[in-house]
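These are the residues of each chain, in order.
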Amino acid sequence: AGLDLLSASSIGQPPSPLPTATMDLIETPCLGICLISPQDGMCVGCARTIDEISRWSAMSAAERRAIMQALPERRQRPRRGGRKARFKARLGVTPDSAP
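Everything numeric in this text was worked out from a predicted model, so none of it was measured.

Concerning the nonpolar core
In terms of nonpolar packing, the biggest core is built from five residues, these being Ala-47, Trp-56, Met-59, Ile-67 and Leu-71. Other than its neighbours up to four places away in sequence, Leu-71 contacts Pro-29, Cys-46, Ala-47 and Arg-48.

So this is what it looks like as structure tokens:
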């Protein structure tokens, strides 16, 4: 009964491909280190703002390109040293007294 659904010409032929959805790949600076700095409101990993991150997939290619071009300068901003520096400061460890 199952063979009734197949035509004689389709036996032995590879199955027809299933329809697939296509999606444009969007370039992203995301590094998977998603932590927003309370000092400047920028992601520690990619240097984007919360607004830029949330709107990224809806932005035009030109908007994303403009942000991507600005990121190298943003990443050069000075950092305070993070958790390690705060911990050392609590212990009273200065650069001169550090081992």
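Let's talk about a nonpolar patch on the surface
Together, Leu-31, Ile-33, Leu-35 and Val-44 line one region of the surface with nonpolar side chains, adding up to about 360 Å² of accessible area. Positionally, Leu-35 belongs in the segment before helix H1 (50-55).

Regarding the side chain of Glu-52
Secondary-structure assignment places Glu-52 in helix H1. A distance of 2.7 Å separates polar atoms of two side chains, one belonging to Glu-52 and the other to Arg-74. With sequence-adjacent residues up to four places away left out, Glu-52 is seen in contact with Met-59, Ile-67 and Arg-74.

As for the environment of Met-68
Inspection of the secondary structure assignment puts Met-68 in helix H2 (residues 61-75). We classify Met-68 as partly exposed; its relative accessible area is 22%. On a C-alpha basis, the gap between Met-68 and Thr-28 in space is 8.2 Å, while along the polypeptide they are 40 residues apart. Every residue in contact with Met-68, bar those within four places of it in the chain, is listed here: Glu-27, Thr-28, Pro-29 and Trp-56.

Quick notes on the rules
Residues numbered from 1 in each chain as written. Predicted model: local features only at pLDDT ≥ 70, side-chain atom pairs only at ≥ 80, totals over all residues. Heavy atoms only, no water. Core = buried A, V, L, I, M, F, W, Y, C linked by side-chain atoms within 4.5 Å. Buried < 20%, exposed > 50% of the residue type's maximum accessible area, 1.4 Å probe, protein only. Contact = heavy atoms within 4.5 Å. Patch = residues over 30% accessible without salt bridge, like charges linked within 9 Å, V, L, I, M, F, W, Y side chains within 5 Å. Areas by Shrake-Rupley, 256 points an atom, 1.4 Å probe, with all protein chains shown as cover. Salt bridge = Lys/Arg side-chain N within 4 Å of Asp/Glu carboxyl O. Helix = DSSP H or I, 4+ residues; strand = E, 2+ residues; numbered from the N terminus. Polar contact = N/O pair within 3.5 Å; in protein donor to acceptor, adjacent residues only side chain to side chain.

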